[in-house]
Amino acid sequence: MGLWKRRFVKFRKSWTAMLGLIIIAAFVLIALASPLIVTHSPSYNGRDAYLPMWSEDHVFGTDQLGRDVYSRVVAGTPVSMGIGVLSVGISLFFGTIIGAIAGFFGGRIDFAISRIIEILMAFPTIILALTIVALFRDRSIGYIMLAVGIAGVPVYARQIRASVLVVSKEDYVLASRALGSSQFYRLLYVVLPNCLGPMIVLATLGLGTAVLEIAGLTFLGLGGSPETPEWGLMLNENWKSYLSSPAGTIVPGVFIGLAVLGFNLLGDGLRDVLDPRSALSKQ
Amino acid sequence: MTDHSSAATLERAHSAADRKSDRPILSVDDLKVYFPVKRGLLSKVVAHVKAVDGVSFDLHRGETLGLVGESGCGKTTVGRSILRLIEPTSGDVYFEGEKLQDLSPAELRERRRRMQIIFQDPYSSLNPRMTVEGIIGEAFTVHGIAKGDERRARVRDLLSKVGLQPDYINRYPHEFSGGQRQRVGIARAIALNPSFIVCDEAVSALDVSIQAQVINLLEELQQEMGLSYLFIAHNLAVVEHISDRVAVMYLGKIVETASSIDLYKNPTHPYTRALLSAVPHPDPTRQIDRVVLQGDVPTPLNPPSGCRFHPRCPIAESICSEEIPRMTDLGNGHQFACHVEARKLGK
């Protein structure tokens, strides 16, 4: 209510944040309307392969199998965004549980969890995700999502631990304890709701990274069947013909870039209004 | 409403019985709170900050005990460790006849209905994500006393009791002024009908005009509900007004206790005298012997030997750095801990 309204006013003043919001809103619209706005079936093999951009009937040309690049990239939007959202959901869910336990209970539990997180964070997330993918026999896109989600857990856990640590020290948490609330109640109803701001920021910024990582893994050919219209997979299929027919590579590449940019701008804007440690959000 | 009035009757019966037996509602005996200082990879304890080092006092039903001292002398820690919001290192706290240290976590949560705290900072002590209903009503939710319409009705009652409009129930803390926020904090503290409240610098963060209003509110509530207060403050004028008795703390120890009137008329410990002489007086022509203390409060990490006040004391003698002074009784509950003054008074 009051709090959120003031935050929105602040958010609107930043044009980069608004640009991010517009980009992401556009992607969400494309994703929702994708069955209506495709011109061809994304898996339909047409007569002509390697058509250039702006060809008649094929705005973004066709790929090596004569499939319409525009239709594939549009049909790929809900796929790429969807698995991005789900993998962030996985990271956030487990990251919150682990981080909240470490930050709230402290002591030896915190020590153990923090050291494990530090060890895992010594590896780049993409390497961690690669390792996890290698553990799965199945190569369907769902496993890529799972791998990226799990690989992100340490990052989320650490951030949420930090937020929980800060909020736990507040007087209103002590006041709740003085009223006789249980630890479980305080963590769930007092501490975590006050960590919501940083969590939203984390998830939004994380979506950009997740989309990029998923595209990276599928580009490396680690998941997804060729008919899946996924952006990274499209790059994988088309980059070999980049010099003769660049459309099939450039278009999904631009989509990936725009989605990541949108999430990052939006996330930065949200951080300015939601994160208590940034100067703008002073109440 | 009926259970409310019966609770009040019970309250009166209680207080009558207690006055007769003259058993203190709260009894603190040799309370010590040491915070370990950890260093190095293995978190070895290298020292202790002796925030509270052997504090004892009694508090009777309906009484207000003022606890004064400079910043960092351990006042807040005393208040919080009595409520076991900080676990004391040693010492006993008896509340309504029960030893709080012996209670299990579940029992302690139940007892918290009877003892509450009002915080200094009216900004950080209210959850910014909750409405007033949520903040005050948390007490009822946590103990499963009331929910829904019943809870709303009770919160509205409490709001009018602390002088706020019941219609503020849906507001968020940031929509209030500092004084109003503190009233919300008071409403939360009295929600469960406690018998004892720690007022931890409850008015220090407020404007002087608002301070008076809040203090009046606290006094009214005390009359009405038979509350006992531990009133922690650094402002001596405020403490004089509200307290029946005052305890002066210096570096983790109580140096002088007396009835409010006695203490202000006849301060005995040199530290108390220095504190009182620093209180501004509205009459500029009045001559006072100002005792100006030299230096800063020493670190509680390594407090001075003997009497902890001796490095800053204007009347210190050699014995003061060697021996810890005992409490000397002047009668009428007036006690102080000073070698030199005790000898002067022939005690």
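The structure displayed is predicted, hence computed values, not measured ones.

1. Some thoughts on the overall build of chain B
A tally of helices and strands in chain B yields 11 helices and 12 strands. Radius of gyration (C-alpha) of chain B: 21 Å, near the 20 Å computed for a compact globule of 347 residues. C-alpha extents for chain B along the principal axes are approximately 70 × 60 × 45 Å. Counting over 347 residues, chain B shows a buried share of 38%.

2. Topic: the overall build of chain A
Scanning chain A for helices and strands turns up 11 helices and zero strands. Taking the principal axes of its C-alpha atoms as reference, chain A extends roughly 75 × 45 × 25 Å.

3. Some details on the pairing of strand β10 (residues 253-259) of chain B
All names here are of chain B. The element β10 is extensively covered by neighbouring structure, given that six of its seven residues are classed as buried. Here strand β9 (residues 245-250) pairs with β10 via six bridges, running antiparallel. Each residue of the ladder has a partner; that of Val246, found in β10, is Ala258. The hairpin formed by β9 and β10 contains two residues between the paired strands, and Leu251 there has a positive phi angle of roughly 50 degrees. As judged from the two bridges shared by β10 and strand β12 (residues 335-336), these two strands associate in the antiparallel manner. Each residue of the ladder has a partner; that of Thr257, found in β12, is Gln335.

4. Some remarks on the nonpolar core
By size, the foremost hydrophobic cluster in this structure holds 155 residues, and its most contacted members are Cys199, Phe231 and Val248 of chain B. Ranked by residue count, the leading element in this core is helix α3 (residues 69-105) of chain A, at 15 residues.

5. Some remarks on the environment of Ala151 of chain A
Residue and element names in this part refer to chain A. Position of Ala151 relative to the elements: it lies in helix α6 (residues 141-168). Here Ala151 falls in the buried class, since 27 other C-beta atoms lie within 10 Å of it. Sequence separation of Ala151 and Ile127 is 24 residues, and the distance between their C-alpha atoms is 8.7 Å. Not counting the four nearest positions on each side in its chain, Ala151 is found in contact with Thr125, Leu128, Ala129 and Ile132.

6. Concerning the interface of chain A and chain B
With 20 residues of chain A in contact, the opposing surface of chain B contributes 24 residues. Per-element tally for the side of chain A that touches chain B: the top contributor is helix α7 (residues 171-179) of chain A, with eight residues. Within the side of chain A that touches chain B, the residues separate by chemical class into 10 nonpolar, seven polar and three charged.

7. Here we look at the sheet that holds β12 of chain B
All names here are of chain B. Taking strand neighbours across the sheet as the criterion, the eight strands line up as β6-β7-β8-β3-β9-β10-β12-β11 in an open arrangement whose pairing is mixed. A single partner strand is all that each edge strand has here, and the edge strands are β6 (115-118) and β11 (328-329). In terms of strand pairing, strand β3 (residues 64-68) meets β9 through four bridges, oriented parallel. Of the residues in β9, the one forming a bridge with Val68 is Val248.

8. Focus on the sheet that holds strand β1 (residues 26-39) of chain B
Residue and element names in this part refer to chain B. With antiparallel pairing, four strands are arranged side by side in an open sheet as β2-β1-β4-β5. Each of the sheet's edge strands pairs with one partner strand only, and the pair in question is β2 (44-59) and β5 (98-99). Taken together, the 12 bridges between β1 and β2 define a ladder with antiparallel strand orientation. Within the sheet, the bridge partner assigned to Phe35 lies in β2 and is Val49.

9. Focus: the pairing of strand β8 (residues 228-233) of chain B
Residue and element names in this part refer to chain B. Burial within β8 is extensive, with six of its six residues counted as buried. By the alternation rule, side chains of β8 split into Ser228, Leu230 and Ile232 and Tyr229, Phe231 and Ala233, which are all buried. Following the chain from strand β7 (residues 196-200) across helix α7 (residues 208-225) to the adjacent parallel β8, one finds a crossover that is right-handed.

10. Description of the confidence of the model for chain A
Residues and elements named next belong to chain A. With 96% of its residues at a pLDDT of 70 or more, chain A has an overall mean of 88. Of all secondary-structure elements in chain A, the lowest mean pLDDT belongs to helix α1 (residues 2-13), at 77, while α7 reaches the highest, 95. Considering only residues more than four positions removed or in separate chains, one finds that residues 279-283, a stretch of pLDDT under 50, has 10 contacts.

11. With respect to the environment of Leu270 of chain A
All names here are of chain A. In this fold, Leu270 is placed in helix α11 (residues 247-274). Along the primary structure Leu270 and Leu19 are separated by 251 residues, whereas in three dimensions their C-alpha atoms are 12 Å apart. The contact partners of Leu270, leaving out residues within four places of it in the chain, are Ile200, Val201 and Thr204.

12. Section: unusual backbone geometry
The backbone of Trp54 of chain A sits at a positive phi, close to 60 degrees, despite the residue not being glycine. On the basis of neighbour count, Trp54 of chain A is assigned to the exposed category, with 10 C-beta atoms found within 10 Å.

13. Notes on the packing of helix α2 (residues 15-37) of chain A against α11 of chain A
Residues and elements named next belong to chain A. Here α2 crosses α11 at 135 degrees, and the two axes come no closer than 7 Å. Between α2 and α11, the crossing angle belongs to the class labelled oblique. Handedness of the α2/α11 crossing: left-handed. Residue-level inspection shows Thr16, Ala17, Leu19, Gly20, Leu21, Ile23, Ile24 and Phe27 of α2 in contact with α11, the latter providing Leu258, Ala259, Leu261, Gly262, Phe263, Leu265, Leu266, Asp268 and Gly269.

14. Observations concerning the environment of Phe57 of chain B
Residues and elements named next belong to chain B. Mapped onto the elements, Phe57 comes out in strand β2. Looking at Phe57, the number of C-beta atoms within 10 Å reads 20, which means it is buried. Along the sequence, Phe57 and Val28 sit 29 residues apart, while their C-alpha atoms lie 5.2 Å from each other. Beyond its immediate chain neighbours, meaning those up to four positions away, Phe57 contacts Val28, Leu65, Ala247, Ile254 and Thr257.

15. Here's the deal with the confidence of the model for chain B
All names here are of chain B. For chain B, mean pLDDT is 88; residues scoring 70 or higher make up 93% of the total. Across residues 12-21 the pLDDT falls below 50, and counting only partners more than four positions away or on other chains, this stretch makes seven contacts in the model. Predicted complex, confidence summary: ipTM 0.86, pTM 0.84.

Rules behind the numbers
- Residues numbered from 1 in each chain as written.
- Chains lettered and ligands numbered in written order.
- Predicted model: local features only at pLDDT ≥ 70, side-chain atom pairs only at ≥ 80, totals over all residues.
- Helix = DSSP H or I, 4+ residues; strand = E, 2+ residues; numbered from the N terminus.
- Rg over C-alpha atoms; globule rule 2.2 N^0.38 Å.
- Buried ≥ 20, exposed ≤ 12 C-beta atoms within 10 Å, placed from the backbone.
- Pairing = 2+ DSSP bridges.
- Core = buried A, V, L, I, M, F, W, Y, C linked by C-beta atoms within 7 Å.
- Contact = placed C-beta atoms within 7 Å.
- Nonpolar A, V, L, I, M, F, W, Y, C, P; charged D, E, K, R; others polar.
- Right-handed = clockwise from strand over helix to strand, strands pointing away.
- pLDDT = per-residue confidence, 0-100.
- Axes fitted to C-alpha atoms, helices over the stretch in contact; angles between N-to-C directions.
- Parallel < 35°, antiparallel > 145°, perpendicular 65-115°, else oblique.
- Left-handed = near helix turned anticlockwise from the far one by under 90°.

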